[in-house]
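Coordinates in review
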Amino acid sequence: MRSLPPTDHSKQAYLVLAGCTLIQAPVWGYSISFGVFQKYYTTHKGIEGSPEAVATVGTTLNGLMYLMMPLTFTLLTKYPRLRPYTGPAGLFITVASLIMSSYATQVWQLIASQGVLCAIGSGLLFSPTTLYLDEWFIARKGMAYGTMWAGKAAAGVVVPFIVSALLDKYGPRTTLQAWAVSLVVLTAPLLFYLKPRIPLSSSHTQRPLSWSFLKRSGFWMLEIGNVVQAFGYLLPTTYLASYANDLGLPSISGAVLIAVVSLANVPGSLFTGYLGDRLQPTTVILISSIGSTVAVLLFWGLAAQMALLVIFAAAYGFFAGGFSSTYSGILKEMKRADEGVETGLVMGLLLGGRGVGFMAAGPVSAVLLKGGGRVIEHAKWGYDTHYGPVIICTGATALFGSWGWMWKILKAALA
């Protein structure tokens, strides 16, 4: 019987890592840049519907992408022979959704094409390629996942500016069609070269799945922290631009701050992944949580000038942006407890939990914003504005993202 290719340090492993990193731009590019489209749709004629309805497109897109992960990861783990077909199917659905949405004239058409179909297509692209990465990296799983998430963050720095320039010059129809063509050009070669480490010929048509990790309280405490952290994670990037605008800063300030957050995500993801290969996952999560909490409560809470906002964006992007890279440590921890656990199942549930947090955050943050303080011109710092409750909520959710560590310490103290 032919031996399997080596993991972690082989040329094949690095090629798969490079492919999985590059494919993050096609997978997440549109969802990352939807805010640019949202601004265009609400300030130009062409789409019938309220600004609130247009915002629903982005919520649906991001939420559905994450919420479908438990299902897709489970199916592709149980039926590995589906993996080679899932990526091309996802690419076809994504491209078709973008082309259809380029002819949309009403919000419900955007929700159906960009919100639902684009989410399904992007999710089908992401799932099999991530499972391939999981097979190729065992000891250095943290480094691999950190690099992959850094690829997503790098796309967040570049893609929105490209989309903004195209929209201003050509409008949404040409921009969406150009993005659809670029998806084919970028993704098709990557799907051809991304291969599993375990040959499908040696895999059973259907794998028995072990769900024993669901009986472990440690997993659920980590999942609770994951959902709580996700609840507040997007609030800064959602409100930073309007916050800067209300302060009277130049109009480009919001875009610059969001770009700083994305740029800081790159080293943050790599650093967190590096720690994940060397420390307990609860310790790595604690570092991410404390760094994020300090950034929010100290720098954003006291910020009324651009300099402090830039420091906040960089610190928050570095620490909070690396949170997803802690998943590698959780996968290894579950595998250590039960060798029969399929890490794809754990990854799917972690991503699904993130989707739950994202979906719940939207309506709650709107209520928090209405319950804030005075108008911003008369405020001396963030806490004293109508953004104060949002800032406090973000800091609290960042801190309780480390609930897995807190539970571990509490359990040891009561033992």
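The structure contained in this document is the topic of the report that follows. Each chain carries its own residue numbering, running from 1 in the written order of its sequence. Reporting in this predicted model follows two pLDDT cut-offs: at least 70 for local features of residues, and 80 or more for side-chain atom pairs to be given and counted; totals over whole chains, interfaces and linings ignore these cut-offs and use all residues. Side-chain calculation: all heavy atoms of the structure are included, whereas hydrogens and water are not.

1. Thoughts on the overall build of the protein
For clarity, the cut-off: In this text, helices come from DSSP runs of H or I with a minimum length of four residues, and strands from runs of E with a minimum of two, each type numbered from the N-terminal end. Computation of the radius of gyration draws on C-alpha atoms, with the globule rule given as 2.2 Å multiplied by the number of residues to the power 0.38. The classification of residues rests on relative accessible area computed with a 1.4 Å probe and restricted to protein chains. Under 20% of the type maximum is buried, over 50% is exposed, and intermediate values are partly exposed. The contact criterion used is simple: two residues touch if any of their non-hydrogen atoms lie within 4.5 Å.
Within the protein, the regular secondary structure consists of 17 helices and zero strands. Here the C-alpha radius of gyration of the protein, 21 Å, is about what a compact globule of 415 residues would show, namely 22 Å. The dimensions of the protein, computed from C-alpha atoms along their principal axes, are 75 × 60 × 30 Å. Counting every position in the protein, which comprises 415 residues, the buried fraction comes to 51%. Long-range contacts, defined here as pairs at least 24 residues apart, represent 83% of the contacts in the protein between residues at least 6 apart.

2. A short note on the packing of aromatic side chains
Applied cut-off: Stacked, edge-to-face and tilted labels apply to pairs of Phe, Tyr and Trp rings (six-membered ring for Trp) whose centres lie within 6.5 Å, assigned for plane angles under 30 degrees, over 60, and everything in between, in that order. A ring is scored as having a charge over it whenever the NZ atom of a lysine or the CZ atom of an arginine sits within 6 Å of its centre and within 35 degrees of its normal.
The full count for this structure, using the stated rule, is 23 aromatic pairs. With 6.4 Å between their ring centres and 65° between their planes, Y14 and F137 make a pair best called edge-to-face. Of the two residues, Y14 sits in helix 1 (residues 11–22) while F137 sits in the loop between helix 6 (107–136) and helix 7 (141–170), which places them 123 residues apart along the sequence. You can call F137 buried: its relative accessible area is 0%. The interplanar angle of 45° and the centroid separation of 4.9 Å between the aromatic rings of Y30 and F37 together place this pair among those described as tilted. Of the residues examined, Y30 reaches a relative accessible area of 3% and is grouped as buried. Lying over the aromatic face of W28, K152 brings its terminal NZ or CZ to 4.1 Å of the ring centre. Here the guanidinium or amino end of R354 rests over the ring plane of Y233, the centre of that ring lying 5.0 Å away.

3. Here we look at the pattern of salt bridges
Applied cut-off: In what follows, salt bridge is the name for a side-chain nitrogen of Lys or Arg lying within 4 Å of a carboxyl oxygen of Asp or Glu.
Per the stated rule, a full pass over the model turns up four salt bridges. Between R83 and E135 there is a salt bridge; the shortest N-O distance is 2.9 Å. Here E135 lies in helix 6 and R83 lies in helix 5 (residues 83–101), a separation of 52 residues in the sequence. Grouping residues by exposure puts R83 and E135 together as buried. Across the salt bridge formed by R336 and E333, the nearest N and O atoms sit 2.6 Å from each other. Here R336 and its partner E333 are both found in helix 14 (residues 327–337), three residues apart, which amounts to about one turn of the helix.

4. Let's talk about the packing of helix 10 (residues 235–246) against helix 16 (residues 388–399)
Stated formally: The convention used is that axes are lines fitted to C-alpha atoms, helices contributing only their stretch in contact, and that angles between N-to-C directions extend from 0 to 180 degrees. By definition in this entry, angles of less than 35 degrees are roughly parallel, angles greater than 145 are roughly antiparallel, angles of 65 to 115 are roughly perpendicular, and the rest are oblique. Definitions for this section: a left-handed crossing has its near helix turned counterclockwise from the far helix by less than a right angle. A right-handed crossing has that turn clockwise. Amino acids outside the nonpolar list (Ala, Val, Leu, Ile, Met, Phe, Trp, Tyr, Cys, Pro) and the charged list (Asp, Glu, Lys, Arg) are all regarded as polar, and Gly is one of them.
Running from N to C, helix 10 and helix 16 point in directions that differ by 155°, and their axes come no closer than 11 Å. Our classification of the angle between helix 10 and helix 16 gives roughly antiparallel. Taken as a pair, helix 10 and helix 16 cross one another with a handedness that is left-handed. Note on element contacts: helix 16 touches helix 10 through V390, C393 and T394, opposite L235, P236 and Y239. Per-class residue counts for the contact of helix 10 with helix 16 are five nonpolar, one polar and no charged.

5. Notes on unusual backbone geometry
In this model, D8 sits at a positive phi of 70°, which is unusual for a non-glycine residue. Here D8 shows up in the segment before helix 1.

6. Digging into the environment of G121
Take G121: it is sitting in helix 6. Overall, G121 belongs to the buried group, its relative accessible area being 0%. Linking G121 and T94, residues 27 residues apart in sequence, is a C-alpha distance of 4.6 Å. In contact with G121, other than residues within four places in its own chain, are G90, I93 and T94.

7. Describing helix 10
The criterion, for reference: By definition here, a helix of n residues has an expected span of 1.5 Å times n minus one. By definition, the arc is the one covered by directions from the helix axis to the C-beta atoms.
Here helix 10 spans 16 Å end to end across twelve residues, near enough to the 16 Å set by a 1.5 Å rise per residue. L235, P236, Y239, L240, Y243 and A244 are the residues of helix 10 that are buried. Considered in projection along helix 10, the buried side chains sweep an arc of 145° and stay on one side of the axis. Against helix 9 (217–233), helix 11 (253–276), helix 12 (281–300), helix 13 (306–321), helix 15 (343–370) and helix 16 lie the buried residues of helix 10. Just beyond helix 10, the residue with positive phi is G248, at close to 85°.

8. Looking at a nonpolar patch on the surface
What counts is decided by this rule: Only residues whose relative accessible area exceeds 30% and that form no salt bridge enter a patch; like-charged residues are grouped when within 9 Å of one another, and nonpolar side chains (Val, Leu, Ile, Met, Phe, Trp, Tyr) when within 5 Å. Method for areas: the Shrake-Rupley scheme with a 1.4 Å probe, in which residue coverage is limited to the protein chains shown.
A cluster of nonpolar side chains, I290, V294, L297, L298, L302, W381, Y383 and I392, forms an exposed patch at the surface whose accessible area comes to about 680 Å². Mapped onto the secondary structure, I392 falls in helix 16.

9. Structural notes on the packing of helix 1 against helix 6
Between helix 1 and helix 6, whose axes approach to 10 Å, the crossing angle comes to 150°. Judged on the interaxial angle alone, helix 6 and helix 1 are roughly antiparallel. Seen from above, helix 1 lies across helix 6 with left-handed handedness. Each of Q12, A13, V16, L17 and C20 in helix 1 lies in contact with helix 6, whose residues at this interface are T129, Y132, L133 and W136. Partitioned by chemical class, the residues of the contact of helix 1 with helix 6 number seven nonpolar, two polar and no charged.

10. Examining the environment of R173
Secondary-structure assignment places R173 in helix 8 (residues 172–193). Judged by relative accessible area, which is 43%, R173 ranks as partly exposed. Separated by 69 residues in sequence, R173 and A104 have C-alpha atoms that sit 8.8 Å apart. For R173, the residues in contact, after removing those within four places along its chain, are S102 and Y103.

11. Here's the deal with the nonpolar core
The test is simple: Nonpolar cores were defined as sets of buried Ala, Val, Leu, Ile, Met, Phe, Trp, Tyr and Cys residues, with membership established by side-chain atoms within 4.5 Å.
Judged by nonpolar contacts, the single largest core of 95 residues is most densely connected at Y30, F126, W300, V346 and L351. Apart from residues lying up to four places away in sequence, L351 is in contact with Y66, M69, F73, F126, W149 and Y327.

12. A look at the side chain of S288
With respect to the element layout, S288 can be found in helix 12. Contacts of S288, omitting those with residues within four sequence positions, involve F319, A320 and F323.

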